[in-house]
Every structure is written in C-alpha cells, then in structure tokens.
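Spelled out from the first residue to the last, the chains are:
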Amino acid sequence: MWLVIGLTAILLVNLFNQKTETHVPMTYSQFWTNVESGAIRKVTIQGGKVLGFSADGQPFATVTPDDTELIPMLRKSGVDISVKEPEHESLWVTLFISWFPMLLLIGLWIFFMRQMQMGGGKGGALGFGRTRAKLQEEGEVKITFQDVAGIDEAKNELEEIVDFLKDPEKFTKLGGRIPKGVLLAGAPGTGKTLLAKAIAGEAEVPFFTISGSDFVEMFVGVGASRVRDLFNQGMKNAPCIIFIDEIDAVGRHRGAGLGGGHDEREQTLNQLLVEMDGFNANDGVIIIAATNRPDVLDPALLRPGRFDRQVVVPVPDIKGRRLILEIYGKKNQAGRKCGYGCDCPGYTGIFRG
C-alpha cells in the first residue's frame, strides 16, 4: 500500500508540473512567413522545438529542422530569442506515466489475492478461507468428567478416547486402532457439548470448537478451504480434539440441493469426508461431532473410518437430575446456608428436607 501511495504521488507531481499554456501547432512554412511579415514577437528555442507568441499574443509551437538561416532571420525581424537546453526525459519515467494505471490495477489485484490466500490476517476482513474454530490450548479446558452427571453410559464409552489421548503409544504398540470420529447424538440440552469439553479437560489436549454453520458462506469454495485449514491447524497441535457442533448443518444427505445453493454445502461435506478418511493421515486428531438429527446425516459420514462410533446421549433420569443439581448447587452455593438454615454445601438440604 505504501508503494501504491508513492506511485500515485509521483504521478500527481508530474501532472501538476506540466505547463498549462496550450500552444497552437504551426507548420514550419507558416512560421517562416510570419517571421518575414513581422507577426512573431517572441520565440523560445529548445532543441528542435520552437515555442513563441505572435504579435496578437497567441502562443504557437512548431518543429524546426537544423536550419542555419533561422537565427539570422529572427534577428533581422527583431524577434526576442530565448534558448533553453533540451529536456532529456527519462525513458523509465515515460514508461511509468503511460503504464501507471495498468500497473496500479495489477498491484491492487495481487495485493487482494495475497490477502485472500493468507486469510487477511487472523480475523481479518478478507480471511474467508481461514477456519473460524476457537482454540483452547492444553490445560485451558477446566471441565472434567466430574462436572458431567446423568449420562454415565456415555462417559464410559468415551473413556477409551481419553486414554488414547493421554498415552497414544500404548495403543499403537499393541496394534490398536482408535476411532477417528465420534458422533454424539441426543436431544437438545442433554450435555453433548459439555461432554466433549470434559474429554479435552481429562486428556489435557488442545480443543478446537466450531459450529457446522461456520463452514458455509455465500462464496464458492470457502467452506472446503475452511475445512482444510481446520485440519491443518489440528495436525500442528496433535494430539487434539476437533469438536463440530450441529454437524447436520453441513453433513446432510447429498443430492438434495439439485444444483442450487446447496452445491457449496456439498463441496464442504466432500472435503470433510476426504480429510477424515483420505490419503492424508490425521493421526492424533480426533473429531467429535454433535447433532440432534442423526437421521438426516449423509451415510458416508457414518461409515467405518469416519464417524464409526456413535454415542447416544440420553435425557437424564431422576437420579441423574439429582446429581446434576448437586454439582451445580455446590458451585453456586458453596459456603452458604441453604433455605432450611443448615450448613450443608449447596442444595443437598432440599433433598434432606
């Protein structure tokens, strides 16, 4: 941008330095005739150019050959003669002035294309192709399995993933294979997102979180680019967890768009399928997705090698709801007396009452 500003300033200076007087072109024969008749009052000779003023004050310009009789004739006619050194205009300056508009457009195009490829900086206005996933570094997630209650069966199924993230070599030495993707299916509000955070907190690994709707934009190819960038970031921080919330926003059955506005969503889904089970190995990157509509997902997402493990997160029963109330009651009422005046930590006094 500073280069563009400098070039613009040079062009403006050259434009303002040009003479504002407009000299009427005159043939050399007419110039001689006017000199002989005394109609020329003043001339300025600069190289092969002759600039001057006629007796009525009109400026004129002509080009003279190497004529040895010119100066004697001008002196004989009483013309005021001035001589200037010829201007040696640089070839580079001439080319620059003539090509400046095109160079400016090319420079701006290159600048915007580089900003598009680089994402315009983190969170920049032109960062269409960069992932919008939020990264929580190792140890930043403070939620563990102790903060999750009422879904013990789901927690037991996910303990294997926590063990793998803590010590992946133990599995690889024995030839074990960890699931690449885990799909958490359940009604809204059953704790799917909390369960994914608990896995990251237990394993103490980086945790990427993004919504399925953040992939798709109005620009074609943006969703696929964000998927690639997300997995590249995951490989740099492996072992890690990538959590995609509401994956049904991008993972619905293909072919339903009939070539309309859903083509971009299908391209994003195809890129997600390739990244999860393609030629590139994403070892140490575990994908956890959550949805409350598993029936609308594309079958390719649910086949072995991708989301090959589905964990149902049910609505907690009465016992689970009591455990949930005790957990949050201890957090909110720790050190305070309950409504019954006893010194119990939290709402446990309600159950005793």
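Details of the structure are given in the entry above.
Predicted, not measured: the structure shown is a model, and the values here were computed from it.

Q: Tell me about the sheet that holds strand β9 (residues 240-245), residues and numbers included.
A: Spatially, β6-β8-β9-β10-β7-β11 is the arrangement adopted by the six strands of the open sheet, whose pairing is mixed. The open sheet has two free edges, formed respectively by β6 (134-136) and β11 (309-313), since each of these has just one partner strand. Along the sheet, successive strands turn relative to each other by an average axial angle of 20°, direction set aside. Across five bridges, the pairing between strand β7 (residues 181-186) and strand β10 (residues 285-291) is parallel.

Q: I'd love a proper account of the pattern of salt bridges, names of residues and values included.
A: Summed over all chains, the structure comprises four salt bridges. Between R293 and D295 there is a salt bridge, with the nearest N and O atoms lying 3.3 Å from each other. With its nearest N and O atoms 3.4 Å apart, the salt bridge here joins E326 to R322. On the criterion of helical spacing, the pair formed by E326 and R322 is a turn pair, its members being four residues apart in helix α11 (residues 318-333).

Q: Report on the pairing of strand β8 (residues 207-211), specifying residues and quantitative values.
A: Remember that side chains alternate between the two faces of the sheet whenever the strand is regular. Where β6 lies against β8, three bridges are found, and the strand directions are antiparallel. For K134, the partnering residue across the bridge sits in β8 and is T209. Examined bridge by bridge, β8 and β9 share five bridges and lie parallel to one another. The partner of F207 across the bridge, within β9, is I241.

Q: A description of the environment of V50 should follow, citing residues and the corresponding values.
A: Along the chain, V50 turns up in strand β3 (residues 49-54). The exposure class of V50 is buried, given its relative accessible area of 1%. It is 9.6 Å that separates the C-alpha atoms of V50 and F31, two residues lying 19 residues apart in sequence. Excluding residues that lie within four positions of it along the chain, V50 makes contacts with F31, V43, T44, I45, F60, A61, T62 and T64.

Q: So what's going on with the nonpolar core? Residues and values would help.
A: Counting residues in hydrophobic clusters, the biggest one holds 28 residues, and the most contacted among them are L158, L165, L184, L195, I199, I241 and I288. Counting only elements with at least two residues in this core, the list comes to α5 (152-166), β7, α7 (192-203), β9, β10 and β11. Look past the residues within four positions of I288 in its chain and what remains in contact with it is V182, L184, A196, I199, I241, I242, F243 and I244. Formed by 24 residues, the second largest nonpolar core is a distinct cluster that contains I210, L272, L273 and A300.

Q: Can you explain the environment of L7? Please cite residues and give values.
A: Inspection of the secondary structure assignment puts L7 in helix α1 (residues 2-17). Since its relative accessible area comes to 26%, L7 is described here as partly exposed. Residues L7 and F100, 93 residues apart in the sequence, show an inter-C-alpha distance of 8.0 Å.

Q: Could you give an account of the packing of helix α8 (residues 222-236) against helix α9 (residues 263-276), naming the residues involved and the relevant values?
A: Two quantities define a packed helix pair, namely the angle between the helix axes and the distance between the axes. Following both chains from N to C, one finds α8 and α9 inclined at 25°, their axes separated by 7 Å at the closest point. The angle between α8 and α9 falls in the class roughly parallel. Here the hand of the crossing between α8 and α9 comes out right-handed. When α8 is examined against α9, the residues V222, G223, A224, V227, R228 and F231 are found in contact with a partner set consisting of E264, Q267, T268, Q271, L272, E275 and M276. In terms of residue class, the contact of α8 with α9 is built from six nonpolar, four polar and three charged.

Q: Describe the packing of α5 against α7, naming the residues involved and giving the relevant values.
A: Across the interface, α5 lies against α7 with an axial gap of 9 Å and an inter-helix angle of 35°. Considering only the axes of α5 and α7, their crossing is right-handed. For the pair formed by α5 and α7, the contact residues are A154, K155, L158, I161, V162, L165 and K166 on the first element and L195, I199, E202 and A203 on the second. A class-by-class count of the residues in the contact of α5 with α7 yields eight nonpolar, no polar and three charged.

Q: Go over the packing of aromatic side chains with me, naming the residues and quoting the values.
A: Scanning the model with the defined rule gives four aromatic pairs in all. Ring centres of F31 and F60 lie 5.9 Å apart, and the angle between their planes is 40°; this geometry places the pair in the tilted category. Of this pair, F31 sits in helix α2 (residues 28-37) while F60 sits in strand β4 (residues 59-63); the two residues are 29 residues apart in sequence, bridging distant segments of the chain. An aromatic cluster is present here, built from Y28, F31, W32 and F60 joined pairwise through their rings.

Q: Just give me the short version of a nonpolar patch on the surface, but keep the residues and values in it.
A: A contiguous nonpolar surface patch, about 730 Å² in accessible area, is contributed by W99, M102, L103, I106, W109, I110 and M113. Note that L103 resides in helix α4 (residues 91-118). Judged by its relative accessible area of 44%, L103 falls in the partly exposed class.

Q: Before we move on, could you go through the side chain of D248 and cite the residues and values that matter?
A: Within the secondary structure, D248 sits in the loop between β9 and α9. An unpaired buried charge is present at D248: no salt bridge exists, and R252, the closest side chain of opposite charge, is 4.3 Å distant.

Rules behind the numbers
- Residues numbered from 1 in each chain as written.
- Predicted model: local features only at pLDDT ≥ 70, side-chain atom pairs only at ≥ 80, totals over all residues.
- Heavy atoms only, no water.
- Pairing = 2+ DSSP bridges.
- Helix = DSSP H or I, 4+ residues; strand = E, 2+ residues; numbered from the N terminus.
- Axes fitted to C-alpha atoms, helices over the stretch in contact; angles between N-to-C directions.
- Salt bridge = Lys/Arg side-chain N within 4 Å of Asp/Glu carboxyl O.
- Buried < 20%, exposed > 50% of the residue type's maximum accessible area, 1.4 Å probe, protein only.
- Contact = heavy atoms within 4.5 Å.
- Core = buried A, V, L, I, M, F, W, Y, C linked by side-chain atoms within 4.5 Å.
- Parallel < 35°, antiparallel > 145°, perpendicular 65-115°, else oblique.
- Left-handed = near helix turned anticlockwise from the far one by under 90°.
- Nonpolar A, V, L, I, M, F, W, Y, C, P; charged D, E, K, R; others polar.
- Phe/Tyr/Trp six-rings, centres within 6.5 Å; stacked < 30°, edge-to-face > 60°.
- Patch = residues over 30% accessible without salt bridge, like charges linked within 9 Å, V, L, I, M, F, W, Y side chains within 5 Å.
- Areas by Shrake-Rupley, 256 points an atom, 1.4 Å probe, with all protein chains shown as cover.
- Lys, Arg positive; Asp, Glu negative; His and termini not counted.

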